Amino acid sequence: MRAIQLTEWGQAPVLRTIADPKPTGRELLLGVDAAGLCLSDIHIMDTAAGVLHYPLPQILGHEVAGTVIDAGPDADRSCIGKSVVVHGIWSCGHCRNCRRGRENYCLDFVRRPDGQLPPIGNGLGHPGGLADQMLVPSESVLVPTDGLDPTLAAPLADAGLTAYHAIRTTADLIDSSTVAVVIGVGGLGHMGVQILRALGAGTVIAIDQRPEARELAIDLHATSAYPSLSSAAAEILDLRGADAIFDFAGAPPTVEPSTALLGPGGRQIVIGTAGGRATVGKDLGLASGWQVTAPFWGTRSDLAAVVQLANDGHLSAETVVFSLDDVPDAYQRLRRGKVAGRAVAVPSHDRP
């Protein structure tokens, strides 16, 4: 089969032909129908040797939709033929967080004694979905998509799931009176706008320096859209501050200034990882009763809820589709910020 593999740290991935995987034990084999490309993949490419405990070559791709085409001898063969999306967090299943249903915070994901970060799931330490086929450990990491277009289903595995988890864990602040701010209307942020609306948020103010992203936010029923936090400040403060600020950028120009725009009891949720820092303290003149959180990805049940939102017509993805052959070039476009929405690769293969 063909696969996009990272073969050396700090280098671009390459398209290679490798042996077809064979399922053993409870494993299931997917024919990949679509796989998303993510800025996290670029972070992995750019990582220095010795930071990640990931074997090379590494098949990238943690946003995967596919069809089950084979099963190991101990697997449930009734899964064969089902269309699914993969939950990319392959947790231990038995630590205290997994038992709480918080498998995205599995204790197996803590830094190893040697300082390296352990594998998390497909494309993140285990073979990913930027390939014709992919193995998953069992049906426990699969969510049925019920015929959803795979180019929409694949981005739900990260872009949709991460946005949903961040908003779902802020559900106590989401109602018809909510003042929510979405910073960054990109691959994740445009999902965030839709999810907030679907969950009943009353006012959604979008921030993005790109005119086309602001137009998209309005098309997705954001209340208003601004090129910067400073240009939005008057409206936010006129509404007596934000209940929740979802920062999908996480950059220095957004993280620190956001704290001044929170209303009493407000919450700053930092999802992006672009190096922003916030100084917090009760003696700094911030609104009374604030919280700052940094959620990570989401649970399998969150992913099932996201798929349901999409099947009910409440959530769609702006995508740019590439062939597997064009993925190396697509990563370069993604690196330069030249992909509007989510980049998705669609392998061309025949089903057995």
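Before any of the text, the structure's been laid out above.
Residues numbered from 1 in each chain as written. Predicted model: local features only at pLDDT ≥ 70, side-chain atom pairs only at ≥ 80, totals over all residues. Heavy atoms only, no water.

**Some remarks on the overall build of the protein chain**
Right, on to step 1. Looking only at helices and strands, the protein chain has nine helices and 18 strands in total.
Right, on to step 2. For 352 residues, the compact-globule formula gives about 20 Å, and the C-alpha radius of gyration of the protein chain, at 20 Å, lands near that figure.
Right, on to step 3. Projected onto the principal axes, the alpha-carbon positions of the protein chain cover approximately 60 × 45 × 40 Å.
Right, on to step 4. Within the span of the protein chain, comprising 352 residues, buried residues form 53% of the whole.
Right, on to step 5. Within the protein chain, residue pairs in contact and separated by at least 24 positions form 72% of the contacts whose partners lie at least 6 positions apart.
Right, on to step 6. When the accessible surface of the protein chain is totalled, it reaches about 14900 Å², and 50% of it is carbon and sulfur.
Right, on to step 7. Each charge class in the protein chain was averaged separately, 27 positive and 37 negative side chains, and the resulting centres sit 5 Å apart. (Helix = DSSP H or I, 4+ residues; strand = E, 2+ residues; numbered from the N terminus. Rg over C-alpha atoms; globule rule 2.2 N^0.38 Å. Buried < 20%, exposed > 50% of the residue type's maximum accessible area, 1.4 Å probe, protein only. Contact = heavy atoms within 4.5 Å. Areas by Shrake-Rupley, 256 points an atom, 1.4 Å probe, with all protein chains shown as cover. Lys, Arg positive; Asp, Glu negative; His and termini not counted. Charge placed at Lys NZ, Arg CZ, Asp CG, Glu CD.)

**Some details on the side chain of Thr67**
Right, on to step 1. Inspection of the secondary structure puts Thr67 in strand E5 (residues 63-71).
Right, on to step 2. Residue Thr67 is classed as buried on the basis of its relative accessible area, which comes to 14%.
Right, on to step 3. A polar side-chain atom of Thr67 sits 2.8 Å from a polar atom in the side chain of Asp33. (Polar contact = N/O pair within 3.5 Å; in protein donor to acceptor, adjacent residues only side chain to side chain.)

**Digging into the sheet that holds strand E16 (residues 291-293)**
Right, on to step 1. The parallel open sheet is built from six strands, whose spatial order is E13-E12-E11-E14-E15-E16. Strand pairing shows two members of the sheet lacking a second neighbour, strand E13 (224-226) and E16, which therefore form its edges. Each neighbouring strand pair of the sheet contributes to a mean axis angle of 15°, computed without reference to strand direction.
Right, on to step 2. Bridge count between strand E15 (residues 262-270) and E16: three bridges; the pairing is parallel. Looking across to E16, one finds that Ile269 is bridged to Thr293. (Pairing = 2+ DSSP bridges. Axes fitted to C-alpha atoms, helices over the stretch in contact; angles between N-to-C directions.)

**Details of the packing of helix H3 (residues 150-168) against helix H8 (residues 300-311)**
Right, on to step 1. Between H3 and H8, the shortest axis-to-axis distance is 8 Å and the interhelical angle comes to 115°. Between H3 and H8, the angle is such that the two are roughly perpendicular. The crossing of H3 and H8 is right-handed. Judged by residue contacts, Leu152, Leu156, Ala157, Gly160, Leu161, Tyr164, His165 and Arg168 of H3 engage Asp302, Leu303, Ala305, Val306, Val307, Leu309 and Ala310 from H8.
Right, on to step 2. Partitioned by chemical class, the residues of the contact of H3 with H8 number 11 nonpolar, two polar and two charged. (Parallel < 35°, antiparallel > 145°, perpendicular 65-115°, else oblique. Left-handed = near helix turned anticlockwise from the far one by under 90°. Nonpolar A, V, L, I, M, F, W, Y, C, P; charged D, E, K, R; others polar.)

**Some thoughts on the pattern of salt bridges**
Right, on to step 1. Under the criterion given, the structure shown has 11 salt bridges.
Right, on to step 2. With its nearest N and O atoms 2.9 Å apart, the salt bridge here joins Asp208 to Arg210.
Right, on to step 3. A relative accessible area of 8% places Asp208 in the buried class.
Right, on to step 4. Owing to a relative accessible area of 27%, Arg210 belongs among the partly exposed residues under this scheme.
Right, on to step 5. Through salt bridges that share partners, Arg2, Asp132 and Asp325 make up one connected network. (Salt bridge = Lys/Arg side-chain N within 4 Å of Asp/Glu carboxyl O.)

**Re a negative patch on the surface**
Right, on to step 1. Together, Glu212, Glu215, Asp219 and Glu318 make up a negatively charged patch on the protein surface.
Right, on to step 2. Within the secondary structure, Glu215 sits in helix H5 (residues 211-219).
Right, on to step 3. Given a relative accessible area of 54%, Glu215 falls into the exposed group. (Patch = residues over 30% accessible without salt bridge, like charges linked within 9 Å, V, L, I, M, F, W, Y side chains within 5 Å.)

**Considerations on helix H1 (residues 39-46)**
Right, on to step 1. Regarding H1, the residues found buried are Asp41, Ile42, Ile44 and Met45. End-on view of H1: buried residues confined to an arc of 155°, all on one side of the axis.
Right, on to step 2. Contact partners of the buried residues in H1: strand E1 (2-6), strand E3 (28-37) and helix H9 (327-335). (Arc of directions from axis to C-beta.)

**What to know about the sheet that holds strand E2 (residues 14-17)**
To summarise the sheet geometry, strands pair through backbone hydrogen bonds and adopt either a parallel or an antiparallel arrangement.
Right, on to step 1. The three strands are arranged E2-E1-E4 in an open sheet whose pairing can be described as antiparallel. In this open sheet, the two edge strands, each paired with only one partner strand, are E2 and strand E4 (58-59).
Right, on to step 2. Pairing of E1 with E4, which is carried by two bridges, proceeds in the antiparallel orientation. From the neighbouring strand, Gln5 faces E4, where its bridge partner is Ile59.

**Focus on the environment of Asp114**
Right, on to step 1. Residue position: Asp114 is located in the loop between helix H2 (96-99) and strand E7 (121-122).
Right, on to step 2. Separated by 2.9 Å, the side chains of Asp114 and Arg112 make a polar contact.

**Side note on H5**
Right, on to step 1. Listed in full, the buried residues belonging to H5 are Ala213, Arg214, Leu216 and Ala217. For H5, the angular spread of buried residues about the axis comes to 160°, placing them on one side. For H5, the exposed residues lying more than 90 degrees away from the buried face are Glu215 and Asp219.
Right, on to step 2. At its buried positions, H5 is contacted by helix H4 (189-198), strand E12 (203-207) and E13.
Right, on to step 3. His221 sits one or two positions beyond H5 and adopts a positive phi of about 80°.

All we've got here are geometric facts, nothing functional implied.
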